[in-house]
Amino acid sequence: MRRNIVAGNWKMNKNFAEADDLINSIEETLRQYDTTDVDIIVCPPFPYLELVSDVSEDSNFFVGAQNVAKFDNGAYTGEVSASMLKSMAVDYCIVGHSERRKYFFETNQDIAQKIDLLLQQDITPIMCVGESLEEREAGKHFDVIRKQVEEGIFHLKAEDMQRCIIAYEPVWAIGTGKTATKEQAQEIHAFIRKLIVEKYNDDVAQEVSILYGGSCNPKNAQELFSMEDVDGGLIGGASLKANDFIQIACSFN
Ligand code: PGA
């Protein structure tokens, strides 16, 4: 059954001392709330994974990475492999974030390779999809998302597909303060779920959590999460403040 999920993507923010403060505030804040109905995931930059994973041992959140290499271990200077992540108690990994597609030229094929390597290590991929403003204004958003989903993840067998999480993040909403309306989010989430039903079946589609990302904050989270096919959020800016992040995680009705 699809789970409620809130994942915080710290992106390339915080020095070590600030990261230490943030994760400890998250841990302290979490103690005040009952979050049994939601899986909370914290995705710090690579150098802070050990710190975050140490704190997670006595807390109620999981650890995720923001990216993974598309190759196995070896001579790939500067890269971090899925097996390295596994050895650091990482359970989730974001793949195909629009910032990686844009600044690091990641293709749907790269993303498909990364998803395979993660699943081999039993790490849950959080695959991001989303259209640009230009694509939405041209009415191409359904086609763009269909292609990203088909090429990025639909090579998987049903039993692997149902181990994945998908995040719909309209590029025009990321870091802009311009959130998708709950109707816009629901429309795309339902579309993605329908694609999964058509490719696999309804049982598989009911296992895959689909998260919304893009200027999600404590004020708008509840109405977004109230929509039928919105199973939670991938949170950027608001995940850098412990109170905001936990408030979002407590926004399921
Ligand atoms: P934002 O980022 O919440 O700052 O818009 C979301 C994301 O990029 O995952």
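Up top you'll find the structure we're talking about.
Residues numbered from 1 in each chain as written. Predicted model: local features only at pLDDT ≥ 70, side-chain atom pairs only at ≥ 80, totals over all residues. Heavy atoms only, no water.

Here we come to the overall build of the protein. On a plain count of helices and strands, the protein comes out with twelve helices and eight strands. In terms of overall size, the protein behaves like a compact globule, its C-alpha atoms giving a radius of gyration of 17 Å where 253 residues would be expected to give roughly 18 Å. Counting all 253 residues of the protein, 54% fall into the buried class. Long-range contacts, defined here as pairs at least 24 residues apart, represent 72% of the contacts in the protein between residues at least 6 apart. Summed over all atoms, the accessible surface of the protein reaches about 11,500 Å², with 47% contributed by carbon and sulfur. Put simply, the protein has 24 plus and 41 minus side-chain charges, and the middle of one group is 5 Å from the middle of the other. (Helix = DSSP H or I, 4+ residues; strand = E, 2+ residues; numbered from the N terminus. Rg over C-alpha atoms; globule rule 2.2 N^0.38 Å. Buried < 20%, exposed > 50% of the residue type's maximum accessible area, 1.4 Å probe, protein only. Contact = heavy atoms within 4.5 Å. Areas by Shrake-Rupley, 256 points an atom, 1.4 Å probe, with all protein chains shown as cover. Lys, Arg positive; Asp, Glu negative; His and termini not counted. Charge placed at Lys NZ, Arg CZ, Asp CG, Glu CD.)

Further remarks concern the site of the ligand. As a structural note, the neighbourhood of the ligand is formed by 13 residues, with K11, H97, E169, G175 and S215 the closest of them. In the environment of the ligand, an oxygen atom lies 2.7 Å from a nitrogen or oxygen atom belonging to the side chain of K11. Note that an oxygen atom of the ligand is positioned 2.9 Å from one of the backbone N or O atoms of G236. For the ligand, the protein covers 95% of the area, taking 280 Å² as the surface of the free molecule. Grouping the constituent residues of the shell around the ligand by class yields four nonpolar, seven polar and two charged. (Near = heavy atom within 4 Å. Polar contact = N/O pair within 3.5 Å; in protein donor to acceptor, adjacent residues only side chain to side chain. Nonpolar A, V, L, I, M, F, W, Y, C, P; charged D, E, K, R; others polar.)

So, about the packing of aromatic side chains. What characterises a pair of aromatic rings is the spacing of the ring centres plus the angle enclosed by the ring planes. Within the structure shown, the criterion is met by seven aromatic pairs. Summarising the aromatic geometry, the rings of F71 and Y76 are spaced 4.3 Å apart at their centres and angled 10 degrees between planes, so their arrangement reads as stacked. Note on F71: relative accessible area 33%, which makes it partly exposed. Seen from their ring centres, F225 and F252 are 4.7 Å apart, and the 20 degrees between their planes marks the pair as stacked. With a gap of 27 residues between them, F225 in helix α11 (residues 221-225) and F252 in the segment after α12 (242-249) connect regions that are remote in the sequence. The residue whose ring lies beneath R100 is F104, and the NZ or CZ to ring-centre distance is 4.1 Å. (Phe/Tyr/Trp six-rings, centres within 6.5 Å; stacked < 30°, edge-to-face > 60°. Lys NZ or Arg CZ within 6 Å of the ring centre and 35° of its normal.)

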